[in-house]
There are 2 protein chains.
Amino acid sequence: MRTEISTLGEFGLIRHLTEGIELKNESSRYGIGDDAAVLSYPADREILMTTDLLMEGVHFDLTYVPLKHLGYKSAVVNFSDIYAMNGTPRQITVSLGVSKRFSVEDMEALYAGIRLACEDYGVDIVGGDTTSSYTGLTISITCIGDVERGKAVYRNGAQETDLICVSGDLGAAYMGLQLLEREKLAMKDAGGDVQPDFAGKEYLLERQLKPEARRDIVERLRQAGVQPTAMMDISDGLSSELLHICTQSHVGCRIYEEHIPLDYQTAVMAEELNMNVTTCALNGGEDYELLFTVPIADHEKVAEMEGVKLIGHITKAELGCALITRDGQEFELKAQGWNPLKEGPEASPSTSVEK
Amino acid sequence: MRTEISTLGEFGLIRHLTEGIELKNESSRYGIGDDAAVLSYPADREILMTTDLLMEGVHFDLTYVPLKHLGYKSAVVNFSDIYAMNGTPRQITVSLGVSKRFSVEDMEALYAGIRLACEDYGVDIVGGDTTSSYTGLTISITCIGDVERGKAVYRNGAQETDLICVSGDLGAAYMGLQLLEREKLAMKDAGGDVQPDFAGKEYLLERQLKPEARRDIVERLRQAGVQPTAMMDISDGLSSELLHICTQSHVGCRIYEEHIPLDYQTAVMAEELNMNVTTCALNGGEDYELLFTVPIADHEKVAEMEGVKLIGHITKAELGCALITRDGQEFELKAQGWNPLKEGPEASPSTSVEK
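As a starting point, this report considers the structure included with it.

Criteria and cut-off values
Residues numbered from 1 in each chain as written. Chains lettered and ligands numbered in written order. Predicted model: local features only at pLDDT ≥ 70, side-chain atom pairs only at ≥ 80, totals over all residues. Heavy atoms only, no water. Pairing = 2+ DSSP bridges. Helix = DSSP H or I, 4+ residues; strand = E, 2+ residues; numbered from the N terminus. Axes fitted to C-alpha atoms, helices over the stretch in contact; angles between N-to-C directions. Contact = heavy atoms within 4.5 Å. Least-squares fit on C-alpha atoms with pLDDT ≥ 70 in both. Buried < 20%, exposed > 50% of the residue type's maximum accessible area, 1.4 Å probe, protein only.

Focus on the sheet that holds strand β1 (residues 28-30) of chain B
Two pairing modes exist for strands in a sheet, parallel and antiparallel, and in both the strands are linked by backbone hydrogen bonds.
Right, on to step 1. Pairing in this open sheet of six strands is mixed, and the strands run β5(A)-β4(A)-β6(A)-β3(A)-β2(B)-β1(B) from one edge to the other. Strands with a single pairing partner mark the edges of an open sheet, and in this sheet they are β5 (124-132) of chain A together with β1 of chain B. Averaged over all pairs of adjacent strands, the angle between their axes in this sheet comes to 25°, without regard to strand direction.
Right, on to step 2. The sheet contact formed by strand β3 (residues 45-55) of chain A and strand β6 (residues 137-148) of chain A spans eleven bridges and is antiparallel. Its bridge partner being in β6(A), A:Met55 is matched across the sheet by A:Thr138.
Right, on to step 3. Packing of helix α2 (residues 67-83) of chain A onto the sheet brings it into contact with β3, β4 (88-98) and β6 of chain A, and relative to β6(A) it is tilted by some 35°.
Right, on to step 4. Seen against the sheet, helix α3 (residues 104-121) of chain A touches β4, β5 and β6 of chain A and runs at an angle of roughly 175° to β4(A).

As for the relation of the copies chain A and chain B
Right, on to step 1. Once turned by 180° and shifted 0.0 Å along the axis, chain A lies on chain B with an RMSD of 0.0 Å. What the rotation and shift describe, once combined, is the action of a two-fold rotation axis. For chain A, the smallest separation between a C-alpha atom and the rotation axis is recorded for A:Ala43, amounting to 2.3 Å.
Right, on to step 2. When the interface residues of chain A are mapped onto chain B, 100% of them again lie at the interface, so the same face is used by both copies.

Brief notes about the environment of B:Ile311
All names here are of chain B.
Right, on to step 1. Of note, Ile 311 is situated in strand β11 (residues 308-315).
Right, on to step 2. A C-alpha to C-alpha distance of 35 Å links Ile 311 and Glu 56, two positions 255 residues apart in sequence.
Right, on to step 3. Ignoring any residue separated from it by four or fewer positions in sequence, one finds Ile 311 in contact with Ile 164, Val 166, Leu 238, Arg 254, Ile 255, Tyr 256, His 259, Ile 260 and Pro 261.

Considerations on the pairing of strand β9 (residues 252-256) of chain A
Residue and element names in this part refer to chain A.
Right, on to step 1. Buried residues dominate β9, accounting for four of its five residues.
Right, on to step 2. Note: β9 against strand β11 (residues 308-315), four bridges, orientation antiparallel. Bridge assignment links Arg 254 to a residue of β11, and that residue is His 313.
Right, on to step 3. One ladder, built from four bridges, connects β9 with strand β12 (residues 321-324); its direction is parallel.

Shown next as structure tokens:
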């Protein structure tokens, strides 16, 4: 079934999509339906604000990304930014630019994903804007969160001798993207006759299509009484993010190849694509894991923390930022980031780390 | 001179455009440069949040809108939503989607407009996102403001016998749009040989290209000790907005054609285009004036307030919403809104008010 959006109009569509939304957070006083949402936070909280603009063709490819997954991911990447400040996401506004190609049912699927993410993470949809667009789909989400006054964690607080930690494992979302792109090409070549083969690679797909924000890690750190000195989420690749922390904190770092957490499926897929798996972990984007530094005194607490891996330490700025390979060589970390890697599987360690 | 955006890259462009930004509001604790901005509000304030998504071809036409004006307007329309809640805008995030057609200089012009608006209204730019786009320009701005606890004014508080007020005058921005569209066609027909003729119509252009938010009215009401019972800004036309207030407040209304404030230039232009000027005032969009209701006890205060006009009163819901024409006829108000009017100058009273 396909219902044209024009049958509902802008106000009708918003009303339809946001039907039955109930505000769950005490800080959400008034949601959709006025010139602005009204929020109320107690004086002992600071407010966090982050925003993301996602455009079809640049950030997502609807030939293989289901709209519900896209909605979920669009919300979660914003939550991830709030957790990366040591906060808790509370409210979002959702703006959509939609071309005639999309139906009411498409928007329902997209919104179902956004609403599911909000439910899972306890976030309220308090406003937004829906407009027509000449081409494709545009999604702009702004998220508000809160944090105990004075407990926000910035990128600029890393100190010499601090330990560098990451949550989860890295590179899988990027491998998932490679897999989807490969199957898309294969399908095209076969004229749509074959079914894509994702057996044994489910984890990679999940990481790419339905990433989660690491609320659990932020909670675990809080429970353990560990206040990170610096933190950010890994959306553009470990290398790039670590350089942000080091530059803004005026420090250097050493990380160890052997300690970078990898999933088995990531390693297998990299092998298949003839790519260096460390390069994928360093520069593959969209992991949405947390990268953080803690004082060395917290070594024991983080060393035994589930889902957290120690990968190195902070040094004086003069020592620069380097990766120590398995065979003991030292390579300077470069901010390769996500985009260059997108060019294709020819990426190799030489393009990402330089002696 | 034309500098390609690719020479700077995403991070470089953001850095370049936001260079020298200083936070002026006490509530702005940390701006651009981390996963999220950090804001801090005292306990006696409530927080307001609004967002707008503007897309090239839908919301603006760069053949006659200078980028600096577009930037200014994009910010101001958000401020207007905050004032319409009886608040004060404090922070914005700015997300831009930009195709290759645009240069660094174009983005400088756009940002100069946004920064000028922020300076004029005392608002801080605390974050954003800049990304490439396949087509055209996309601007998504989210604005945070504050209001004394309990003083936010919603759309749903209008009461029977309340007076209906509007600020400024109506229909001019819509006439400005008509003028620009007419000159665009004329230029095309003449092959670019003639200069557009805007003499005597400067006010219309200004209203369309560089609207202002009515901070002054909100301050004047506060100083006079008038707390509106309902308020919103007029972005989709007086008719449509008044119906929002009446529907949400479960009341009816009577407004009087003779009291609707019009500028002389608006009337002249409507005459030239063979349009009914009342229709333009009722349904022309983008006025960004304030529409509000006050208790009848405040009659004297608002009657003598500069820039405020009384146009009618709130009634029981059963009486419906109607316009009383100069000759005493009663027409039901219809939510014609902005879009249908955009179709062209064939709009007439019969399409906007029905007996």
